[in-house]
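# Architecture at a glance
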Amino acid sequence: MAQPMLQQRLLPTIISVLQAPTDKVPPGMPSNCLDVLCTMVRHSPQPLHGLMISEAFPAAAKCTLSSEDNATMQSGGECLRAYVSVACDQISQWQDDQNRSGLWYVIQVANQMLDPRTSEFTAAFVGKLVSTLLSKVGPALGENLELLLRAVLSKMQQAETLSVMQNLVLVFAQLVHTQLDALLNFLTSVPGPTGASALEFVLTEWCSRQHLFYGAYETKVSTVALCKLLQHSINSNDSRLQDIQIKGDQIFSTSDGILTRSKCATAPERWTMVPVLVKMYKLIINELSNQVETNLSKSQIEDEEDEENDWEEEDNNEDNNEDGAAGDSSETVTLLSLLDKYSPASDYSGYDFDGDEEEDEEDQDALNDPLYKVNLQQYLTEFLQQLSQQPYYGTFSAHHSDCERKVLSTIGINT
């Protein structure tokens, strides 16, 4: 997309806007330029052209660091994530006149977005930036790795918006897939906000919101990570996970008669307390139920569309037969025959009511992740079937609700 001619025309303007004082450019212009630069980085031939590294990258980083505008900081974070994703080696080798590398700038931007003093909404996408840094650079981050994770923990304590909390939790979910032992060691060595370990804090926040997480790819990352954590604890008998207790199922009392709206508002919520491993198990069953329902709905929609197409074909055949019987009379012109002269709307770019979330995924990093291709319903089915064959399964099945038993019975597990 970003061919040399396009770069030659756009880059000087983009760099000029990003380097200009805030009061010299219209509001929103830096954010728009960062979005355009991000697209150019993602779709340019690799390695990136020298000007995109030596001029555009530092301009984007410095603009983001000096801005207090949420939109600019978000766009800047996504732009730098694109650089890390497609040109990590190039920005690692680049240095400014003070010998600070491109990675130093990226880490500074991430830390600024995670700063407790900045708006919560600046952290809406910072989890993706941190996760990309960890996957592309990893241990080479040195002490910055621990500092970034501590900053994520600090931001989690303040986060109230689901999208922000999901984004932050997914940083740790990604690490479950790549550096599980190191992650557990880190989280158990750092205190959480209540005095317990950060591991208990992260798992409590994660498990309390897992059922609310959205996005096909994000759901795969977090749910498969729970499966791996559960399997790890069982295989290694890891007491760090087994000793954590969190909220299980909500308790609804029927002893007080009919629950009115006022009673629900004043009555305190009551929950069972279960081991965190049992909570993970319940969340896995819940997600299997979601996947079965979603795939069944998709299948029904496809069947309905096929049936509609069959009816349309039959109607067209009948219309053709009637036209043939009527001869060449000009009085038989119908609305359908007029519309047939025009291309259907589906032939035009951007017209798509398919609604398939996975096909609509635009995040290139997600598309490149092997987890993206995982059939989550099949994965969870096989995981639970294997788990049900183990001698310790009674530890989990003792906590089944009626709904969970019904879901499990659909995959041949009867308890």
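Treat the numbers as computed from the prediction; the structure is a model and nothing was measured.

### With respect to the packing of aromatic side chains
This structure, assessed with the given rule, holds six aromatic pairs. Considering the side-chain rings of Phe 57 and Trp 94, the 5.8 Å spacing of their centres and the 75° angle between planes classify their relative orientation as edge-to-face. Residue Phe 57 is located in helix H3 (residues 50-66), and its partner Trp 94 is located in the loop between helix H4 (70-93) and helix H5 (102-114); the two are separated by 37 residues in the primary sequence. A relative accessible area of 14% means that Trp 94 is categorised as buried. Where Tyr 281 meets Tyr 393, the ring centres are 6.0 Å apart and the plane angle is 80°; that geometry is what we call edge-to-face. With a gap of 112 residues between them, Tyr 281 in helix H14 (residues 276-326) and Tyr 393 in the loop between helix H17 (376-388) and helix H18 (394-397) connect regions that are remote in the sequence. There is no split in this pair, since Tyr 281 and Tyr 393 are both buried. Counting every residue linked through ring pairs, the aromatic cluster contains Phe 57, Tyr 83, Trp 94, Trp 104 and Tyr 105. In this structure, Lys 220 packs its charged tip against the face of Tyr 372, placed 5.6 Å from the ring centre.

### Thoughts on the pattern of salt bridges
Throughout the structure, instances matching the rule amount to 13 salt bridges. Two residues, Arg 42 and Asp 365, come together in a salt bridge whose shortest N-O distance is 3.0 Å. Separated by 323 residues along the polypeptide, Arg 42 in helix H2 (residues 29-43) and Asp 365 in helix H16 (residues 364-368) bring together distant segments of the chain. The partner of Arg 81 in a salt bridge is Asp 363, and the shortest N-O contact between them spans 3.0 Å.

### Observations concerning the environment of Leu 408
As for its position among the elements, Leu 408 is in helix H19 (residues 402-409). Put simply, Leu 408 and Ser 289 are 119 residues apart on the chain and 8.8 Å apart in space, counted from C-alpha to C-alpha. Beyond its immediate stretch of four places on either side in the chain, Leu 408 contacts Tyr 281, Ile 285, Leu 384, Tyr 393, His 400 and Ile 413.

### Quick notes on a nonpolar patch on the surface
On the surface, Leu 6, Leu 10 and Val 36 cluster together into a nonpolar patch covering about 190 Å² of accessible area. Mapped onto the fold, Leu 10 is located in helix H1 (residues 4-19).

### Points about the environment of Ser 119
By secondary structure assignment, the location of Ser 119 is in the loop between H5 and helix H6 (126-136). C-alpha of Ser 119 to C-alpha of Asp 69: the two residues are 50 residues apart in sequence and 9.6 Å apart in space. Setting aside chain neighbours within four positions, we find Ser 119 in contact with Asn 70 and Lys 155.

### Overview of the confidence of the model for the protein
Here the protein averages 86 in pLDDT, and 81% of its residues register 70 or above. Low pLDDT, under 50, characterises residues 335-339; the predicted model gives this stretch three contacts beyond four residues in sequence or across chains. Ignoring residues within four places in sequence, the model shows residues 341-359, a span with pLDDT below 50, making 13 contacts including any to other chains.

### Structural notes on the nonpolar core
Among the nonpolar cores identified, the biggest contains 116 residues, and Leu 37, Tyr 83, Trp 206 and Leu 384 are the most heavily contacted of them. With sequence-adjacent residues up to four places away left out, Trp 206 is seen in contact with Val 169, Ala 173, Val 176, Phe 213, Ser 222, Ala 225, Leu 226 and Leu 229.

### With respect to H5
A rise of 1.5 Å per residue sets the reference length of H5, with its 13 residues, at 18 Å; its end C-alpha atoms lie 19 Å apart and thus fit the reference within 8%. Counting buried positions over the 13 residues of H5 gives ten, a clear majority of the element. Here H5 has its buried residues at Gly 102, Leu 103, Tyr 105, Val 106, Ile 107, Val 109, Ala 110, Gln 112, Met 113 and Leu 114. Here the buried face of H5 lies against H3, H4, H6, helix H7 (143-158) and helix H8 (162-178).

### Observations concerning the packing of H8 against helix H11 (residues 216-236)
Relative orientation of the contacting elements H8 and H11 amounts to 50°, with a least axis distance of 9 Å. Comparing their axes, H11 and H8 come out oblique. Between H8 and H11 lies a crossing of left-handed hand. From H8, Gln 166, Leu 170, Ala 173, Gln 174, Val 176 and His 177 reach across to H11, where they touch Tyr 217, Glu 218, Val 221, Ser 222, Val 224, Ala 225, Lys 228 and Leu 229. Within the contact of H8 with H11, the residues separate by chemical class into eight nonpolar, four polar and two charged.

Conventions we followed
Numbering of residues starts from 1 in every chain and runs along the sequence as written. Local features are withheld for residues below a pLDDT of 70 in this predicted model, meaning they are given only at 70 or higher, and side-chain atom pairs are given and counted only at 80 or more; totals for whole chains, interfaces and linings count all residues. Working from all heavy atoms in the structure, the side-chain values ignore hydrogens and water. Each Phe, Tyr or Trp ring, with Trp reduced to its six-membered ring, pairs with another whose centre is within 6.5 Å; inter-plane angles below 30 degrees give stacked pairs, above 60 give edge-to-face pairs, and intermediate values give tilted ones. Secondary structure is summarised from DSSP: a helix means a run of H or I of at least four residues, a strand means a run of E of at least two, and numbering begins at the N terminus for each. Each residue is placed in one exposure class: buried if its accessible area under a 1.4 Å probe, protein chains only, is under 20% of its type's maximum, exposed if it is over 50%, and partly exposed if it falls in between. Put simply, a charge is over a ring when the Lys NZ or the Arg CZ is close to the ring centre, within 6 Å, and near the line of the ring normal, within 35 degrees. In the sections that follow, a salt bridge refers to a side-chain nitrogen of Lys or Arg positioned within 4 Å of a carboxyl oxygen of Asp or Glu. Any pair of residues with heavy atoms lying within 4.5 Å of one another is described as a contacting pair. Exposure above 30% relative accessible area and no salt bridge define the residues that can form patches, which grow by joining like charges within 9 Å and nonpolar side chains of Val, Leu, Ile, Met, Phe, Trp and Tyr within 5 Å. In this description, accessible areas are obtained by the Shrake-Rupley approach with a 1.4 Å probe, and a residue is regarded as covered only by the protein chains that are shown. The pLDDT value tells you how sure the predictor is about a given residue, anywhere from 0 up to 100. Here the nonpolar core consists of buried residues drawn from Ala, Val, Leu, Ile, Met, Phe, Trp, Tyr and Cys, with membership extended through side-chain atoms lying within 4.5 Å. Multiply 1.5 Å by the residue count of a helix minus one, and that product is the helix's expected span. Axes, fitted as lines to C-alpha atoms, cover a helix only where it is in contact. Angles between the N-to-C directions of the axes lie from 0 to 180 degrees. Each angle receives one of four descriptions, namely roughly parallel if under 35 degrees, roughly antiparallel if over 145, roughly perpendicular if within 65 to 115, and oblique otherwise. What makes a crossing left-handed is the near helix being turned counterclockwise from the far one by less than a right angle; a clockwise turn instead makes it right-handed. Residues were grouped as follows: Ala, Val, Leu, Ile, Met, Phe, Trp, Tyr, Cys and Pro as nonpolar; Asp, Glu, Lys and Arg as charged; and all remaining residues, including Gly, as polar.

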